[in-house]
Amino acid sequence: MTSRNAVIYALLTLGALITLAPFGLGLLTSFTPAHQFATGTPLAWPNPPTLDNFRDLGGAGFGRAAAVTTLMTAVIVLGQLSFSVLAAYAFARLEFPGRDKLFWLYVATLMVPATVTVVPLYLMMAQLGLRNTFWALVLPFVFGSPYAIFLLRQYFRSVPDDLVNAARLDGANTLDVIVHVMVPASRPILVTLGLITVVSQWNNFMWPLVITSGDKWRVLTVATAALQSRYNAQWTLVMAATTVAMIPLIVLFVAFQRRIVASIVVTGIK
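Here we summarise the structure given alongside this text. Since the structure is predicted, the reported quantities are computational estimates derived from the model, not experimental observations.

So, about helix α11 (residues 187-202). Taking 1.5 Å of rise per residue, 16 residues should cover 22 Å, and α11 covers 22 Å from first to last C-alpha, within 8% of that figure. Counted residue by residue, α11 has twelve buried out of 16 residues, so it is predominantly covered. The set of residues buried in α11 consists of Pro188, Ile189, Leu190, Val191, Thr192, Leu193, Gly194, Leu195, Thr197, Val198, Gln201 and Trp202.

Over the atoms rolls a probe the size of a water molecule, and in doing so it shows where empty space is left. Estimated volume of the largest pocket: approximately 830 Å³. Elements with a minimum of two residues in the lining of the largest pocket: α6 (118-127), α7 (134-142), α8 (146-157), α11 and α12 (206-211). Here the lining of the largest pocket is composed, by residue class, of 16 nonpolar, ten polar and no charged. Taken as a whole, the second largest pocket holds about 260 Å³ of empty space. Secondary-structure elements contributing two or more residues to the lining of the second largest pocket are α11 and α14 (235-269). At six residues, the largest contribution of residues to the lining of the second largest pocket is made by α14. Partitioning the lining of the second largest pocket into residue classes produces nine nonpolar, one polar and no charged.

A separate point is the pattern of salt bridges. What the rule picks out here adds up to six salt bridges. Between Arg55 and Asp52 there is a salt bridge; the shortest N-O distance is 2.6 Å. Of this pair, Arg55 and Asp52 both sit in helix α3 (residues 52-59), three residues apart, which is roughly one turn of that helix. With a closest N to O distance of 2.3 Å, Asp161 and Arg93 form a salt bridge. One end of the pair, Asp161, is in helix α9 (residues 161-169); the other, Arg93, is in helix α4 (residues 62-93), with 68 residues separating them in the sequence. When salt bridges that share partners are traced, they join Glu95, Arg99, Asp100 and Arg153 into one network.

Rules of the game
- Residues numbered from 1 in each chain as written.
- Predicted model: local features only at pLDDT ≥ 70, side-chain atom pairs only at ≥ 80, totals over all residues.
- Heavy atoms only, no water.
- Helix = DSSP H or I, 4+ residues; strand = E, 2+ residues; numbered from the N terminus.
- Expected span 1.5 Å × (residues − 1).
- Buried < 20%, exposed > 50% of the residue type's maximum accessible area, 1.4 Å probe, protein only.
- 1 Å grid on protein atoms, 1.4 Å probe; cavity = no way out; pocket = protein on both sides within 12 Å on 5 of 7 lines; lining within 4 Å.
- Points joined across faces, edges and corners; volume = space filled by probe spheres on them.
- Nonpolar A, V, L, I, M, F, W, Y, C, P; charged D, E, K, R; others polar.
- Salt bridge = Lys/Arg side-chain N within 4 Å of Asp/Glu carboxyl O.

This is the structure we're talking about:
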């Protein structure tokens, strides 16, 4: 190994350590007894390691928050993928007046900060009588997003026309082409888009905080924030909550990392 490569690997290792250090400290704190954390230093090894912080989460209603977050994320991911595929196919393959102008006008909404739409969305949900309901959590996100439609539209345009024409010759209608040609040819990008949607919705904080109140439809992010105010200085409990919230995302990434890499490689080649 040359000295140049050694310096590069050293810098990459340092960057990785700096990035992973907060996660390591949070994991360490989650297994630390509350009295040790209050009297010792945050970097001290748990003596002995304890699961009491995780057990106490049940009494704080964290289990229900995890179930609500899981259901909300699953519904939004299913809706995002379904409606985004349909819209992306229309923008990529169907001919209708003003198609491109409408597409770029829709994509331009990516420039609008999400906080700008919070008040109008809240007023709409309140007038419909949906405030503090499950549907209020999912409706603003379930019908697709500009980013998802843009990503899929660009990918659909790269699918060879011969595949679509062959399906048409076999008598396939538009829905058949989408289900049997476009979706199988786009599995890597669909998996990546699904994971991006899972992460963004699992970590969504602003909208659930605004549109819900009480414990019934509280999600993980809001429940964790409530722990900080309810238990004030009990950071061991807060770190246990963040650890529980991170585990599903880490598992998903490990399980689908090959699909993510495949989508990046295929997109780069095309």
